[in-house]
Every structure is written in structure tokens, then in C-alpha cells.
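Fold and geometry: a report
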Amino acid sequence: MQAKDKKASSGYRGLAKLVRYARPYKWQFMGAFLILLLATSLEMLAPWLMKIILDEHIAAGVNDSMGLAILGSALFGTYLGSAILQYIQNVVFQENALKVVHDIRRMLFAHVLKLPMRYFDSEPTGRLVSRITNDSEVLRQMFVGVIPAILQAFFRVVGIFIAMALLDIHLMLMTMLLIPIMLMAIHLYQKISHPLIHGVRSQLANINTRINESLNGMRIVQAMGQEGHLQQQFDKDNEEWSQLKRKNINIDSLLLMPFTHLLNGIALAVVVGWFG
């Protein structure tokens, strides 16, 4: 139990250390967060305008062409404004994430240059290349894709619950019962997928190492007739990577979209059963 807590705290410390690299660009990221909040707010405003159009004009049979035109224009404006703001925040996130990765790669390479020569005797070159290139690219994806997606989902969920509370407090309370189930599913997914993702990245580093060492020593390999042996080693590494990747795909296919659709169906059934 203590080992798990220590591992989890180490992961949080690592995440905090990564976030510190974004401090030189904190104002740019904060601006992108605000733009993301505005875009999500406009996106959440659209269903409210749609409700007014359907309930107070179309369903009520009100013949108000001017009012419908104004509401329709406002609805179009919310979608257009949300799309433009999301484009701006995506560009800002991308540009500053590239700057963060650029700084991290410079620091990594400067650190490698200061390492003693005996370090390179035991550490494969391909693994170092993978750490500097592939792993830093994963960090860029975190800043560009993961963090904005989490924030946008959080803002959206908060907005949905506020809207439901204004419409029907009982509906909001019933829907909130699904939150513990979602949190349990997220914890289960993180627990199962983390070792698989780590294994995929480690095996990819091994493949890069194998390719780099083979190409650098190709003359000796061909002179000694070791092509078949190297091919067997590469096939073994490649097969292990493929197996880990398949397991990761199976976990994603089970606990991501299908489980989300299942909860969506349960929520819809509860709403229909409660309100008839």
C-alpha cells in the first residue's frame, strides 16, 4: 500500500515538475485557458437558445418571424464564435507547447553533453535518442491535447449541471449519481493502462536502440554473417511492442467510448423513466 502511495506521489511530483517548465509562458497559457472558457460558455449557450426557439416559438405556434430571425442569428453567432475561439486557443496552446518542448529538448541535450564518458558505455544510444525526441513529443501532446481536453470537459460538465439545476434540481441530483461511477472507471483505466503505456514506450526505445546499433555496425554485422540473428532480435522486440499495443487498444476500446455510451444510455433511461 505504501509502495502504491509512493508511486502515485512520485507521479504527481513529476507532473508538477513538468508544469514548471511552462512558467515562462504562464500568461500565454492563462490567456488560452480564458479563451477556452469563453468558447465552452458559448457552446453551452447554444442549447439554451435552441430551447427558447422550440418552446416559445415553434411549439407555441407564435408567428414572430423577426424574433425567430434574431434568435436564429444569435444561435449561429454562438456556434461561429465558439469555433473561432477554439481555433485561437488551439493555436496559442500549440505555439507555447512547442516553446516548452523546445526548451526541454535544449536542457536535455545540454545535460547529455555534461554526462561522463563512462555513462555512454552502458547506455544505448538509441534509448537516449528516444528520450530526447519521442518522450519530449509526448510532453507536447500533453500540453496541446490532454490539458485543454480536461479543462474543456470540466467547464462543460459544470455548465451542464448548472443548466440542469435551473431546469430541475431532481434531474441534476439523479445525474450526479453517475459521477462516482465515472471516477471509478477513470481510476480503473489509469491503473490498467499506465503499465501498458509505459511498456509500449520502453519497447519503442528498445527498437530504436536496436536499429541504431545495427546501422552503426552494419559492416561488422555483414562481415560476420549476423544478419539473421539481428533479424530475430528485431522481430522479438517488434512482436513484444505489438502485443503491448494490442492490449492497450483493447483497454481503450473497453473503458473509453463503449463505457461512456453505456453510461449515456443509463442516464437517458433514468430521465425517460422519471419524467415519462
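The rules behind the values
As a convention, each chain's residues are numbered from 1 in the sequence order in which they are written. Reporting of local features is limited, given that this is a predicted model, to residues whose pLDDT is at least 70; pairs of side-chain atoms are given and counted only at 80 or more, and all residues count toward the totals for whole chains, interfaces and linings. Calculation of side-chain values draws on the structure's entire complement of heavy atoms; hydrogens and water are dropped beforehand. Numbered from the N terminus, helices here are DSSP runs of H or I no shorter than four residues, and strands are runs of E no shorter than two. What the globule rule says is 2.2 Å times the number of residues to the power 0.38, and the radius of gyration is computed from C-alpha atoms. Partly exposed describes any residue whose relative accessible area lies between the buried limit of under 20% and the exposed limit of over 50%, with all areas from a 1.4 Å probe on protein chains only and scaled to the type maximum. Whether two residues are in contact is decided by their heavy atoms: any pair within 4.5 Å suffices. Each accessible area is a Shrake-Rupley estimate made with a 1.4 Å probe; only the visible protein chains count as cover when residues are assessed. The charged-residue count follows a simple rule in which Lys and Arg add positive charge and Asp and Glu add negative charge, with His and chain termini not counted at all. Throughout, a charge is located at the NZ atom of Lys, the CZ atom of Arg, the CG atom of Asp or the CD atom of Glu. In these notes, a set of buried Ala, Val, Leu, Ile, Met, Phe, Trp, Tyr and Cys residues joined through side-chain atoms within 4.5 Å is what counts as a nonpolar core. What a helix should span is 1.5 Å times the count of its residues minus one. Pairs were defined over the aromatic rings of Phe, Tyr and Trp, the Trp ring being its six-membered one, requiring ring centres within 6.5 Å. Orientation was assigned from the angle between planes: stacked under 30 degrees, edge-to-face over 60, tilted for the rest. The patch calculation keeps residues exceeding 30% relative accessible area without a salt bridge and links them within 9 Å when they carry like charges or within 5 Å when they are nonpolar (Val, Leu, Ile, Met, Phe, Trp, Tyr). The salt bridge criterion pairs a side-chain nitrogen of Lys or Arg with a carboxyl oxygen of Asp or Glu, the two atoms within 4 Å. Axis angles are defined between N-to-C directions and span 0 to 180 degrees, where every axis is a line fitted to C-alpha atoms and, for a helix, only to the segment in contact. We call two directions roughly parallel when the angle between them is under 35 degrees, roughly antiparallel when it is over 145, roughly perpendicular when it lies between 65 and 115, and oblique otherwise. The nonpolar class holds Ala, Val, Leu, Ile, Met, Phe, Trp, Tyr, Cys and Pro. Asp, Glu, Lys and Arg form the charged class, and all remaining residues, Gly among them, are polar. Helix crossings are classified by the rotation of the near helix relative to the far one: an anticlockwise turn of less than a right angle makes the crossing left-handed, while a clockwise turn makes it right-handed. Throughout this description, a polar contact denotes any pair of N or O atoms lying within 3.5 Å of each other; where both atoms belong to protein, one of them has to be capable of donating a hydrogen while the other can accept it, and for residues adjacent in sequence the pair is counted only when both atoms sit in side chains.

A word on the overall build of the protein. Helix and strand content of the protein: ten helices and zero strands. Of the regular secondary structure in the protein, the N- to C-terminal order runs α-α-α-α-α-α-α-α-α-α. Taking 276 residues into account, the globule formula puts the C-alpha radius of gyration at 19 Å, and the protein, at 26 Å, lies well above it. In terms of its C-alpha atoms, the protein occupies a principal-axis envelope of roughly 90 × 40 × 40 Å. Across the 276 residues that make up the protein, the buried fraction comes to 25%. Here the contacts in the protein between residues at least 6 apart in sequence split such that 81% fall between residues at least 24 apart. As displayed, the protein offers around 19,000 Å² of accessible surface, 67% of which is attributable to carbon and sulfur atoms. Of the side chains in the protein, 26 bear a positive and 19 a negative charge, and the two mean positions are spaced by 10 Å.

So, on to the nonpolar core. If you look at the biggest cluster of nonpolar residues, it comprises twelve residues: A22, Y25, F29, A32, F93, A97, V100, I104, L139, M142, F143 and V144. Mapped by element, the contributors of at least two residues to this core are helix 2 (26-58), helix 3 (65-114) and helix 5 (125-167). For L139, the contacting residues outside a window of four places in its chain are L18, V101 and I104. In terms of nonpolar packing, the next biggest core, distinct from the first, is built from six residues, A46, I52, I53 and L75 among them.

With 33 residues, helix 2 ought to run about 48 Å at 1.5 Å a step, and its terminal C-alpha atoms sit 47 Å apart, in line with that. Every buried residue of helix 2 is listed here: F29, A32, I35, L36, A39, T40, A46, L49, I52, I53 and H57.

For any two aromatic rings, the description comes down to two numbers: the centre-to-centre distance and the angle of the planes. A complete count under the given rule lists three aromatic pairs for this structure. Each ring, one from F29 and one from F93, has its centre 5.9 Å from the other, and the planes form 50°; the classification is tilted. Here F29 is found in helix 2, whereas its partner F93 is found in helix 3, with 64 residues between them in sequence. Among the residues examined, F29 registers a relative accessible area of 6% and is labelled buried. An angle of 55° between the planes, with centres 5.4 Å apart, marks the rings of F33 and F93 as tilted. A residue pair is termed long-range when its members are at least 10 positions apart, and F33 in helix 2 and F93 in helix 3 qualify at 60 residues. For F33, a relative accessible area of 27% translates into the label partly exposed. F93 sits in the buried class, given a relative accessible area of 1%. Put simply, the rings of F29, F33 and F93 touch in pairs and so form one group of aromatic residues.

There is a patch of nonpolar side chains on the surface, built from I169, L173, M176, I179, L183 and I186 and spanning about 520 Å² of accessible area. Counting residues per element, the ones that place at least two in the nonpolar patch are helix 6 (169-176) and helix 7 (178-216). Following the sequence through the fold, I169 ends up in helix 6. Look at I169 and you get partly exposed, because its relative accessible area is 41%.

This brings us to a positive patch on the surface. On the surface, a cluster of positive charge is contributed by K17, R20, R23 and K26. Residue placement: R20 occurs in helix 1 (residues 2-20).

Our next topic: the packing of helix 6 against helix 7. At their nearest, the axes of helix 6 and helix 7 sit 5 Å apart, and the two run at 25° to each other. By the criterion of interaxial angle, the relationship of helix 6 to helix 7 is roughly parallel. Counted together, M174, T175 and M176 of helix 6 and L178, I179 and P180 of helix 7 form the full contact between these two elements. Within the contact of helix 6 with helix 7, the residues separate by chemical class into five nonpolar, one polar and no charged.

Glancing now at the packing of helix 7 against helix 9 (residues 227-255). Remark: helix 7 packs on helix 9, axes separated minimally by 9 Å, with the N-to-C direction vectors making an angle of 155°. By the angle class used here, helix 7 and helix 9 are roughly antiparallel. Judged by the sense of rotation from one axis to the other, the crossing of helix 7 with helix 9 is left-handed. When the residues that make up the contact of helix 7 with helix 9 are grouped by side-chain class, the tally is 15 nonpolar, eight polar and six charged.

Tracing the sequence through the fold places Q203 in helix 7. Owing to a relative accessible area of 8%, Q203 belongs among the buried residues under this scheme. Side chain to side chain, Q203 and E240 meet in a polar contact 3.3 Å long.

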